[in-house]
Amino acid sequence: NKLEIFVFLIVSILMLSNFSNMYLWDDEGETVLLAKNILLFGVPKTYDGNKLVVRNEKQINSDFLATFTSWLYLYITALSFLIFGFSTFSARIMFVIIGILSFFPIIAVFKKLSVNKLHYYLSILSLLFFVPYYLYSRQSRYFALLIFLMPIIVSLTYSIVFKNGSIVWF
């Protein structure tokens, strides 16, 4: 469909333009330091012998491993550093790509949940103007992964719950 292609191209251009022209934010800096430690130790250690990366003592264990969040986005950042070197660009590029690719599961959910074509088209256009979609997809944090995975979970749940137009009761 031409509207989907048009919106996808605009979203891609907006996501990619100038995403690395600003310094990393506070929590992105934390991500970067933990990702660097993954490249050194293989795991996200909060202490490298020089710097301690932690907001409070409840976020680490006795081995100085980060326990306050999942590690997937940290490994994605470490992989990006391995490929592109250390920079703001490399810290964010993988998440920008994930954010752009999340367009597809989002429109798949729109197709499933839309009442009619007008509703579907308006939903796609609303995504184009949804600023948090861009802001969260352009950060070196787990947000882009959530934006990508949540529509997939909604779509799968919808497929399980609704069979042949009727609700399946468990």
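Because the structure is a prediction, the values reported are computed rather than measured.

K.L.:
Can you walk me through the overall build of the protein chain in this structure?
P.N.:
Looking only at helices and strands, the protein chain features eight helices and two strands. Counting from the amino terminus, helix and strand elements in the protein chain follow one another as α-α-α-α-α-α-α-α-β-β. Taken along the three principal axes of its C-alpha coordinates, the protein chain extends 60 × 45 × 25 Å. Counting the 170 residues in the protein chain, one finds 39% classified as buried. Looking at the protein chain alone, contacts between residues at least 24 apart form 63% of all its contacts between residues at least 6 apart. Between the centroid of the 13 positive side chains of the protein chain and the centroid of its 8 negative side chains there is a distance of 13 Å.

K.L.:
Even after reading the chapter, I still don't get the packing of aromatic side chains, so can you show me in this structure?
P.N.:
Two measures describe an aromatic ring pair: the distance that separates the ring centres and the angle between the ring planes. On inspection of all chains with the given rule, the structure shows 13 aromatic pairs. Ring centres of Phe8 and Phe104 lie 4.9 Å apart, and the angle between their planes is 40 degrees; this geometry places the pair in the tilted category. One end of the pair, Phe8, is in helix H1 (residues 2-16); the other, Phe104, is in helix H5 (residues 103-113), and 96 residues separate them in sequence. Ring centres of Phe19 and Phe89 lie 5.4 Å apart, and the angle between their planes is 35 degrees; this geometry places the pair in the tilted category. Within this pair, whereas Phe19 is found in the loop between H1 and helix H2 (26-41), its partner Phe89 is found in helix H4 (residues 88-101), the two being separated by 70 residues in sequence. Under the relative-accessibility criterion, Phe19 is labelled buried at 6%.

K.L.:
What should I look at first to understand the side chain of Thr31 in this one?
P.N.:
By secondary structure assignment, the location of Thr31 is in helix H2. A polar side-chain atom of Thr31 sits 3.1 Å from the main-chain carbonyl oxygen of Ser140. In contact with Thr31, not counting residues within four places along its chain, are Tyr73, Leu74, Thr77, Ser140 and Arg141.

K.L.:
Would you take a moment to explain the pattern of salt bridges for this structure?
P.N.:
Note that side chains of opposite charge can pair when their charged atoms are close. Tallied over the full model, the rule gives five salt bridges. Taking the shortest distance from any N to any O, the salt bridge between Asp27 and Arg141 comes out at 3.5 Å. Taken together, the residues Asp27 in helix H2 and Arg141 in the loop between helix H7 (131-137) and helix H8 (143-161) connect sequence positions 114 residues apart. Each of Asp27, Glu30 and Arg141 takes part in salt bridges that share partners, so that together they form one network.

K.L.:
I tried to follow the environment of Lys117 on my own but got confused; where do I start?
P.N.:
For Lys117, the location among the structural elements is in helix H6 (residues 117-128). A C-alpha to C-alpha distance of 27 Å links Lys117 and Ile98, two positions 19 residues apart in sequence.

K.L.:
I'm lost on the packing of H1 against H6 in this one. Help?
P.N.:
When two helices pack together, their arrangement is given by the angle between their axes and by how far apart the axes lie. At their nearest, the axes of H1 and H6 sit 10 Å apart, and the two run at 10 degrees to each other. By the angle between their axes, H1 is roughly parallel relative to H6. Seen from H1, the contacting residues are Leu3, Glu4, Val7, Ile10 and Val11; seen from H6, they are Tyr120, Tyr121, Ile124, Leu125 and Leu128. Across the contact of H1 with H6, the residue classes tally to nine nonpolar, no polar and one charged.

K.L.:
Explain helix H3 (residues 72-84) to me, please; I cannot follow it from the model alone.
P.N.:
An α-helical turn contains 3.6 residues, so a residue and the one three or four places further along point in the same direction. Taking 1.5 Å per residue, 13 residues should reach 18 Å; H3 reaches 18 Å between its end C-alpha atoms and fits that length. Taken together, the buried positions of H3 are occupied by Tyr73, Leu74, Ile76, Thr77, Ala78, Ser80 and Phe81. Two residues or fewer past H3, Gly85 is found with a positive phi of approximately 85 degrees.

Conventions adopted
Residues numbered from 1 in each chain as written. Predicted model: local features only at pLDDT ≥ 70, side-chain atom pairs only at ≥ 80, totals over all residues. Heavy atoms only, no water. Helix = DSSP H or I, 4+ residues; strand = E, 2+ residues; numbered from the N terminus. Buried < 20%, exposed > 50% of the residue type's maximum accessible area, 1.4 Å probe, protein only. Contact = heavy atoms within 4.5 Å. Lys, Arg positive; Asp, Glu negative; His and termini not counted. Charge placed at Lys NZ, Arg CZ, Asp CG, Glu CD. Phe/Tyr/Trp six-rings, centres within 6.5 Å; stacked < 30°, edge-to-face > 60°. Polar contact = N/O pair within 3.5 Å; in protein donor to acceptor, adjacent residues only side chain to side chain. Salt bridge = Lys/Arg side-chain N within 4 Å of Asp/Glu carboxyl O. Axes fitted to C-alpha atoms, helices over the stretch in contact; angles between N-to-C directions. Parallel < 35°, antiparallel > 145°, perpendicular 65-115°, else oblique. Nonpolar A, V, L, I, M, F, W, Y, C, P; charged D, E, K, R; others polar. Expected span 1.5 Å × (residues − 1).

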